[in-house]
Amino acid sequence: MPFRQLLLEDLRAARRRDPAARSLLEVALGYPGVHALWIHRLAHRMWHAHPLLKLPARLLSQLGRALTGIEIHPGAVLGRRLFIDHGMGVVIGETAEVGEDVVLFHGTTLGGVSMSRGKRHPTVGDRAVIGAGAKVLGPVSIGADAKVGANAVVVKDIPPGAVAVGVPARPRPAPRQPAPDPYADPAIYI
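Analysis parameters
- Residues numbered from 1 in each chain as written.
- Predicted model: local features only at pLDDT ≥ 70, side-chain atom pairs only at ≥ 80, totals over all residues.
- Heavy atoms only, no water.
- Core = buried A, V, L, I, M, F, W, Y, C linked by side-chain atoms within 4.5 Å.
- Buried < 20%, exposed > 50% of the residue type's maximum accessible area, 1.4 Å probe, protein only.
- Contact = heavy atoms within 4.5 Å.
- Helix = DSSP H or I, 4+ residues; strand = E, 2+ residues; numbered from the N terminus.
- Expected span 1.5 Å × (residues − 1).
- Arc of directions from axis to C-beta.
- Pairing = 2+ DSSP bridges.

Caption draft 1: A look at the nonpolar core. Grouped together as the largest cluster of nonpolar side chains are 30 residues, with contacts concentrated most on Ile92 and Ile142. Residue contacts for Ile142: discarding those within four places in its chain leaves Thr123, Val124, Gly125, Ala128, Ile130, Val136, Val148, Val154 and Ile158. Judged by nonpolar contacts, the second largest core, of 10 residues, contains Val27, Val34, Phe83 and Val103.

Dropping the structure here:
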């Protein structure tokens, strides 16, 4: 997908998912989650383009952190239409993988529990929602359509469609009658 088209898709995803957003222009100018995502998309391309671009990519990601309050390692793999709502304090580690149509709320950490090389950060499936302040730690998997409640601490795999709440988070089956719009009110899963 052409880079410009990907950026426009990011704008539309944020506009569609945030009821407070009134226009694409407002999202483009005033949404730090979108800005962090754009900076990451550029830094990620640099990270994989050439070994000599790894340091500039890392520095660009740190500039993005300073500007937005959102830290995304340039090695992290982020899917299309990711929406980072509010964003302040979000941390996404180097080996994290995030699927498509995922929503992350402020204070979310996709972090590691090991200082070893290799896969040490979470994998988040398509359409997952990670609540405010949630910590997803280690090379765990959050299944597609799963919901992680606010301030949950996830250290074990969460199956697709499950709801995980608590410290440590324990998965529960999703409610029998899903909300018409899964992004309408994430608090209903807490």
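Caption draft 2: Here's a closer look at helix H4 (residues 54-68). Compared with the 21 Å implied by 1.5 Å per residue over 15 residues, the 21 Å span of H4 between its first and last C-alpha is a close match. Among the residues making up H4, those that are buried are Ala57, Leu60, Ser61, Gly64 and Thr68. Looking straight down H4, one finds its buried side chains confined to an arc of 100°; they lie on one side. Across H4 from its buried face, at more than 90 degrees, point the exposed residues Leu55, Leu59 and Ala66. The inward-facing, buried residues of H4 abut helix H3 (32-49) and strand E1 (71-72). Positive phi shows up at Gly69, right after H4, with a value of about 80°.

Caption draft 3: Molecular detail of helix H1 (residues 3-17). Its 15 residues give H1 an end-to-end C-alpha distance of 21 Å, which sits within 8% of 21 Å, the value for a rise of 1.5 Å per residue. All of the buried residues in H1 are Leu6, Glu9, Asp10, Leu11, Ala13, Ala14 and Arg17. Residues of H1 that are buried make contact with helix H2 (24-30), H3, strand E3 (83-85) and strand E6 (103-105).

Caption draft 4: Looking closely at the sheet that holds strand E14 (residues 163-165). The 6 strands lie next to each other as E3-E6-E9-E12-E14-E15, forming an open sheet whose pairing is mixed. For this open sheet the edge positions go to E3 and strand E15 (170-172), each flanked by a neighbour on one side alone. In this sheet, strand E9 (residues 129-130) lies alongside E6 in parallel orientation, the contact comprising 2 bridges. In the sheet register, Leu104 faces E9, and the bridge partner there is Ile130.

Caption draft 5: Here's a closer look at unusual backbone geometry. In this chain, Val167 is followed by Pro168 through a cis amide linkage whose omega measures -5°. By the element assignment, Pro168 lies in the loop between E14 and E15. With phi around 60°, Asp101 is a residue other than glycine that occupies positive phi space. Structurally, Asp101 can be placed in the loop between strand E5 (97-98) and E6. Relative accessible area serves as the criterion here: at 14%, Asp101 is assigned to the buried category.

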